[in-house]
Amino acid sequence: MAEELLEARDVSVDFRIKGTYQTALAGVNLTIDRGQVLALVGESGSGKSTFAMSIMGLHNPELTKVTGSIQLNGEELIGLTEEQYDQYRGNSVGMIFQDPLSSLNPLMRIGEQIAEAITVHNGKAQSVSEHVLNLLTEVGIPDSDRVAKQYPHELSGGMRQRVMIAMALANEPDLIIADEPTTALDAVIQSQILDLIKKIQQKKGAGVLLITHNLDVVAEIADEVAVMYAGQIVEKAPVERLFNNPKHPYTRSLLRADPENVQAGGELYAIPGTVPSLSEMDHHKDLFLQRVPWLDQKLVDADVADTLTEIEPDHYVRGTAWQDFAFPDEQEIEGQS
Ligand SMILES: Nc1ncnc2c1ncn2[C@@H]1O[C@H](COP(=O)(O)OP(=O)(O)OP(=O)(O)O)[C@@H](O)[C@H]1O
Ligand code: NI
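Values in this document were obtained by computation on a predicted structure and should not be read as measured data.

1. Focus on the overall build of the protein chain
Item 1. In terms of regular secondary structure, the protein chain is built from 13 helices and 12 strands.
Item 2. In summary, the protein chain has a C-alpha radius of gyration of 21 Å against a globular reference of 20 Å for 337 residues, a match within 12%.
Item 3. For the protein chain, the spread of C-alpha atoms along the principal axes amounts to about 65 × 50 × 45 Å.
Item 4. A buried classification covers 36% of the 337 residues belonging to the protein chain.
Item 5. Put simply, of all contacts in the protein chain between residues at least 6 apart along the chain, 65% involve residues at least 24 apart.

This is the structure:
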């Protein structure tokens, strides 16, 4: 039986903007099991980082309202004090960001930064400096002795990302959150970093929340995928099921817009329109449907509860319209208009 690690129930996030609260995340339900990689995908502005930050307790409490429940190993995180969050960040959860340069201290040697991140010892009588060198070796940095003495700017982007991963792993967290961990890197390094995250995750049995725009990355390392639009999950399934049988129009559009899917001689599909801004959000509507030009207006206008329907085992989709929906040949439709 899979062992549940993270359980997010009905998580909503409202930001205070010019004196009023606007909803960025509305009723998100997601779980991550131990040893599982859950990919969270969706266009820019759909709410992926907002969700990650609510797990990490990184929202400014003065300007943000976070409601619902987020449990890690059965313990509630929402409502923790800043001090309690400090304890938990870096111990139970490690986070890898897109841009290591902005998260590393430019004035501190790599070894010192990792040493500072270590608060837990792994049992063995191991000195902190040994632990640092072991971590660097573990993330595939060959001459760890030398790198430990260097400063961030002396390393390549790929090496810096490895250092970030070493820091995120310093205390053997149960959950690793990686928000666009490879976007800034070239393809070869990208795939090395992903292999590394996967390898470590398997070795430690940690759960991973992987946020990415890149569907090839998803196919490569995710077990399960959740698709987010306008602060809500529209589809969620084990990775093969989602790729083989995408049901929600948004998932289908994202797959069609994947650069890997350009037909020979064809053009890259661009999803028409844009993600709504916070002031345009309406969580009783499935807002993506406004961006499907051929769709019947009645469907576009319909109120849709944000509950997900299970259409095959472990495969959930928002709304009740899509299970047996006969999608037209979208390419042909656009050709006509
Ligand atoms: N602190 C904040 N205050 C006000 N609005 C915010 C804040 N943080 C995010 N938003 C808004 O919330 C929405 C979701 O943003 P978020 O950064 O979570 O999207 P994302 O899916 O992570 O996008 P990206 O792929 O670009 O990282 C956007 O409309 C964004 O402008
Ligand atoms: Ni983001």
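2. Some points on the sheet that holds strand S4 (residues 64-72)
Item 1. Here four strands make up an open sheet; going across it, the order is S2-S1-S4-S5 and the pairing antiparallel. Looking along the sheet, the strands with just one partner apiece sit at the ends: strand S2 (20-33) and strand S5 (75-76).
Item 2. Pairing analysis gives two bridges linking S4 to S5, with the strands arranged antiparallel. Its bridge partner lying in S5, Leu-72 is registered against Glu-75.

3. Concerning the pairing of strand S12 (residues 315-318)
Side chains on a regular strand alternate between the two faces of the sheet.
Item 1. The pairing of strand S10 (residues 232-238) with S12 spans two bridges and is antiparallel. Counted as the bridge partner of Lys-236 is Tyr-316 from S12.

4. Considerations on the nonpolar core
Item 1. One finds Leu-38, Ala-166, Leu-175, Leu-210 and Val-227 to be the most contacted residues of the largest nonpolar core, which totals 82 residues.
Item 2. In this view, Val-227 contacts Val-41, Gly-42, Ile-233, Val-234, Glu-235, His-248, Tyr-250, Thr-251 and Leu-254; residues no more than four positions away in its chain are not counted.

5. Observations regarding the site of ligand 1
Item 1. Around ligand 1, the surrounding shell holds 13 residues, and the nearest of these are Phe-15, Ser-44, Lys-48, Ser-49 and Thr-50.
Item 2. Residue assignment for the shell around ligand 1 shows that the elements contributing at least two residues are strand S1 (4-17) and helix H1 (48-56).
Item 3. With three residues, the top contributor of residues to the shell around ligand 1 is H1.
Item 4. Across the shell around ligand 1, the residue classes tally to four nonpolar, eight polar and one charged.

6. A word on unusual backbone geometry
Item 1. Phi at Lys-18 takes a positive value of approximately 45°, unusual for a residue other than glycine.
Item 2. Phi at Ala-230 takes a positive value of approximately 45°, unusual for a residue other than glycine.
Item 3. Locating Ala-230 in the fold gives a position in the loop between strand S9 (224-229) and S10.

7. Description of helix H4 (residues 110-117)
Item 1. Where H4 is concerned, the buried positions are Ile-110, Gly-111, Gln-113 and Ile-114. Buried residues of H4, viewed axially, fall in a sector of 160°; they line one side.
Item 2. For H4, the secondary structure elements touched by its buried residues are helix H5 (128-138), helix H6 (144-148) and helix H7 (157-169).

8. Observations concerning the packing of H7 against helix H8 (residues 187-204)
Item 1. H8 packs onto H7 with a crossing angle of 15° between their chain directions and a minimal axis gap of 10 Å. Classified by the angle their axes make, H7 and H8 are roughly parallel. Relative to H8, H7 is oriented so that their crossing is right-handed. Listed contacts from H8 to Gly-158, Gln-161, Ile-165 and Leu-169 of H7 are Ile-189, Gln-192, Ile-193, Leu-196, Ile-197 and Ile-200.
Item 2. Among the residues forming the contact of H7 with H8, the class breakdown is seven nonpolar, three polar and no charged.

9. Some details on the confidence of the model for the protein chain
As a note on interpretation, predicted positions should not be read in detail where pLDDT is low.
Item 1. Mean pLDDT over the protein chain works out to 90, with 96% of the residues at or above the 70 mark.
Item 2. Taken element by element, the protein chain is modelled with least confidence in helix H13 (residues 330-336), mean pLDDT 68, and with most confidence in S9, mean pLDDT 98.
Item 3. Reported confidence for the predicted complex is 0.99 by ipTM and 0.93 by pTM.

10. Details of the environment of Arg-160
Item 1. Among the structural elements, Arg-160 can be located in helix H7.
Item 2. On the neighbour-count criterion, Arg-160 (21 C-beta atoms within 10 Å) is buried.
Item 3. Here Arg-160 is in contact with Pro-100, Leu-101, Leu-104, Pro-152 and Leu-155, once residues within four sequence places are set aside.

What counts, and where the lines are drawn
By convention here, each chain's residues receive numbers from 1 onward along its written sequence. Chain labels run from A onward and ligand labels from 1 onward, assigned in the order the entries are written. Residue-level local features of this predicted model are given only where pLDDT is at least 70; pairs of side-chain atoms are given and counted only at 80 or more, and the full residue set underlies all totals for whole chains, interfaces and linings. Labels follow the DSSP assignment, with helices taken as runs of H or I lasting at least four residues and strands as runs of E lasting at least two, numbered in each case from the N terminus. The atom set for the radius of gyration is the C-alpha atoms, and the globule formula is 2.2 Å times the number of residues raised to the power 0.38. Think of it as a crowd count around each C-beta: if 20 or more other C-beta atoms lie within 10 Å the residue is buried, if 12 or fewer it is exposed, and in between it is partly exposed, with C-beta placed from the backbone throughout. Residues are defined as contacting one another if the C-beta atoms placed from their backbone atoms lie within 7 Å. When DSSP finds at least two bridges between two strands, those strands are taken to pair. Definition of nonpolar core: a set of buried Ala, Val, Leu, Ile, Met, Phe, Trp, Tyr and Cys residues joined via C-beta atoms within 7 Å. Each residue receives a C-beta atom built from its backbone; the residue is near a molecule or strand if that atom lies within 6 Å of it. Note that Gly is not counted as nonpolar here; it falls among the polar residues with everything else outside the nonpolar set of Ala, Val, Leu, Ile, Met, Phe, Trp, Tyr, Cys and Pro and the charged set of Asp, Glu, Lys and Arg. This arc is taken over the directions from the axis of the helix to the C-beta atoms. Simply put, an axis is a line fit to the C-alpha atoms, just over the touching stretch for a helix, and the angle between two N-to-C directions goes from 0 to 180 degrees. Geometric relationships in this document are graded by angle, where less than 35 degrees denotes roughly parallel, more than 145 denotes roughly antiparallel, 65 to 115 denotes roughly perpendicular, and other angles denote oblique. Whether a crossing is left-handed or right-handed is set by the direction in which the near helix is turned from the far one by less than a right angle, anticlockwise for left-handed and clockwise for right-handed. Each residue carries a pLDDT score, the predictor's confidence in it, ranging from 0 to 100.

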